[in-house]
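These are the residues of each chain, in order.
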Amino acid sequence: MIQRSALALYFALFFVGFFIMFPLLVAFGSEGLTSSLAVLKTPPVINILKFTIFQAVISTLMAFAVGIPAAYYYSRHQDILSNLLHYTTYIPFFLPGISMVVGFLVLLGRYGVLNNLLAFMGVERQQFLYNFGAILLGHIFYNSPITVRIVGSALKNIPLEIVEAGKVDGGSKLDLFFFVELPLIIPAILSSLILTFSYCFTSFAVVLMLGGSQYATLEVAIYMYLKLLARPEIALGLALVQFLFIFSFGLLGTIIERKEQLPIGNRIIYRKSWLSMVALAYLFFEWLPVFSGMFGSIYDFKRASFLFDKFKILLSLKPIGVLGVSIVSTIFRSLALSLSAAFLTTILSFLIVWSARSSRFENVSIRLTSLISISITPAILALGYSIAYRSFPPQLGMILLYTVVSFPVVINLLHGETASFDFAIIEAAKIDGAKPLQILWHLVIPLLRSTIVTVFAITFAISMGEFSGSLILGGDRAPTITVAIYRMLSSRHVPEARLLSSLLVVIVLMVIFIVNRLSLGSFRKEE
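Residues numbered from 1 in each chain as written. Predicted model: local features only at pLDDT ≥ 70, side-chain atom pairs only at ≥ 80, totals over all residues. Heavy atoms only, no water.

Each helix and strand counted, the chain has 25 helices and two strands in total. Taking 527 residues into account, the globule formula puts the C-alpha radius of gyration at 24 Å, and the chain, at 24 Å, falls close to it. When burial is assessed residue by residue, the chain has 53% of its 527 residues classed as buried. A separation of at least 24 residues holds for 79% of the contacts in the chain among residues at least 6 apart in sequence. Accessible surface, the chain: about 24700 Å² in total, of which carbon and sulfur atoms supply 68%. The distance from the centre of the 37 positive side-chain charges to the centre of the 25 negative ones in the chain is 8 Å. (Helix = DSSP H or I, 4+ residues; strand = E, 2+ residues; numbered from the N terminus. Rg over C-alpha atoms; globule rule 2.2 N^0.38 Å. Buried < 20%, exposed > 50% of the residue type's maximum accessible area, 1.4 Å probe, protein only. Contact = heavy atoms within 4.5 Å. Areas by Shrake-Rupley, 256 points an atom, 1.4 Å probe, with all protein chains shown as cover. Lys, Arg positive; Asp, Glu negative; His and termini not counted. Charge placed at Lys NZ, Arg CZ, Asp CG, Glu CD.)

A few words on the packing of helix H6 (residues 97-108) against helix H7 (residues 113-120). For the pair H6 and H7, interaxial distance at closest approach is 4 Å and the crossing angle is 5°. Between H6 and H7, the crossing angle belongs to the class labelled roughly parallel. Note on element contacts: H7 touches H6 through Val113, Leu114 and Asn115, opposite Val106, Leu107 and Leu108. A class-by-class count of the residues in the contact of H6 with H7 yields five nonpolar, one polar and no charged. (Axes fitted to C-alpha atoms, helices over the stretch in contact; angles between N-to-C directions. Parallel < 35°, antiparallel > 145°, perpendicular 65-115°, else oblique. Nonpolar A, V, L, I, M, F, W, Y, C, P; charged D, E, K, R; others polar.)

Turning next to a nonpolar patch on the surface. A cluster of nonpolar side chains, contributed by Phe295, Phe306, Phe308, Phe311 and Leu315, occupies part of the molecular surface with about 530 Å² of accessible area. Of note, Phe306 is situated in strand E2 (residues 305-306). The class for Phe306 is partly exposed, based on a relative accessible area of 45%. (Patch = residues over 30% accessible without salt bridge, like charges linked within 9 Å, V, L, I, M, F, W, Y side chains within 5 Å. Salt bridge = Lys/Arg side-chain N within 4 Å of Asp/Glu carboxyl O.)

Tallied over the entire structure, the rule returns 27 aromatic pairs. Ring centres of Phe51 and Phe132 lie 6.0 Å apart, and the angle between their planes is 65°; this geometry places the pair in the edge-to-face category. Here Phe51 is found in helix H3 (residues 43-76), whereas its partner Phe132 is found in helix H8 (residues 132-156), with 81 residues between them in sequence. Here the aromatic rings of Phe343 and Phe456 are separated by 5.0 Å at their centres, their planes lie at 75°, and the arrangement is edge-to-face. Highlighted residues: Phe343 in helix H16 (residues 327-356) and Phe456 in helix H22 (residues 449-465), separated in sequence by 113 residues. Overall, Phe456 belongs to the buried group, its relative accessible area being 12%. (Phe/Tyr/Trp six-rings, centres within 6.5 Å; stacked < 30°, edge-to-face > 60°.)

Before going further, it helps to examine the pattern of salt bridges. Opposite charge on two side chains allows them to pair when their charged atoms are near. By the definition in use, this model includes two salt bridges. A salt bridge links Arg76 to Glu181; the shortest N-O distance between them is 2.4 Å. Separated by 105 residues along the polypeptide, Arg76 in helix H3 and Glu181 in helix H10 (residues 173-201) bring together distant segments of the chain. Like Arg76, the residue Glu181 is buried in the burial classification. With a shortest N-O distance of 3.9 Å, Glu427 and Lys430 are connected by a salt bridge. Of this pair, Glu427 and Lys430 both sit in helix H20 (residues 424-431), three residues apart, roughly one helical turn.

What follows covers the side chain of Ser406. Along the chain, Ser406 falls in helix H19 (residues 394-419). Taking relative accessible area as the criterion, Ser406 reaches 0% and is therefore assigned buried. In terms of polar contacts, Ser406 uses its side chain to reach the backbone carbonyl oxygen of Tyr402, at 2.8 Å. (Polar contact = N/O pair within 3.5 Å; in protein donor to acceptor, adjacent residues only side chain to side chain.)

Judged by nonpolar contacts, the single largest core of 130 residues is most densely connected at Phe15, Leu238, Tyr385, Phe467, Ile485 and Leu500. If sequence neighbours within four positions are ignored, Leu500 has contacts with Leu314, Ile327, Ile331, Ile481, Ala484, Ile485 and Met488. (Core = buried A, V, L, I, M, F, W, Y, C linked by side-chain atoms within 4.5 Å.)

Before going further, it helps to spend a moment on unusual backbone geometry. Backbone geometry places Tyr130, a non-glycine residue, at a positive phi of 60°. By the secondary structure assignment, Tyr130 is in the loop between H7 and H8. The class of Tyr130 is partly exposed, set by a relative accessible area of 42%.

Note that all results are geometric; they support no functional claim without further evidence.
Given below as structure tokens:
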């Protein structure tokens, strides 16, 4: 009989081997690692690497600088603004990247909201997009909520008693922050910086669509060399460099996470603060592109008319030229692939986490799968699948890819929840004669239902918004919603792209809402 701890290791090794390592090893072996590395010495590739690092460093520092005041307000207040900041932290996880880009196009485009306002005031229209500043702006918008969530949560956990002790010793508010609070949140600051840098380093949609063709990060270059220039050996060399960078930063983040726990105490809460205006400005900055994108999907600022007639195109079963299939079919394809990935990810991550609990392989199983899967970007993985699993239908490769992309988030969430699980209940059930499957089905799953549902919803949302891997794998054969939006924007079907982008956001939010309501309804029924 296989021991539970060994079972966890087998599940982890299967996931890492079949989903990640095997396709990458086959891909690198087929093209020759030596020839792939040789192209890395060429000036164009070196320039791409330099720009990728440069934009990631600048974007990370600016995202941190913008997010830190909001993080402080979020941690020290308990009011409407802090609640809205809490919901803002979900933007990087639930708002599809391409929908965010569409929001910026509506807000800052040539005939967008801001330029229309300037024209109304008699000022000449400006070009805000397709430059380096637009890339930075997109990265700040998408990644500063990470600082709010990670650093803000760390500040929340500092007990009031520690700060009060500093006050007794005569410390001012500024002294207490720099000499008491700041040292305690340094691990959280480093974690947020590393995570933000990783996201900016692997940026795809923002660079491709807000920066323009003159800019290319490693992730964009991998797609261009593989699909547009037919140079897979260069794409593989770039993929290897990107993997080593992200793996190094992931390993550093894992080491930093091993920090001492603070004692449990009362939370520090302030009633009034001048930072409320800063927090309000931050909320305005974060939500304006979202609402602009939603409103721009039904109203054309250039023609000053509503776009309700475009609904006919989205609901038509006739193929459209730029895709070769109907929009309806891409919607159903995205739903089917995302739901399949959500089922697969939920089951696989639960099997690994539950089998590994309190075992000698727990740390290895969780850390190994999390670290390796976060080190693999969608473009690299899609590159491996397109070579190693070329006989597979693209839909299967996309389901596997969505599973890997969402795995680091969901497995850490599940692991955190099972760590606080009351295992005395299971021991009591065993004494009463319950078998392992009965305990799992009638006890464990109902108690962890809300976490399992959250894992399912997060995977679904990430899968629906995934873009670069879907573009490489699906492309012409199985386009998804995100690919359809990109193709329509590129072919100047802008109103249809806006409408489809908003529809994508609505679908994601509706499914998450329905899944959560069904879960709560079932839970209350059992109560």
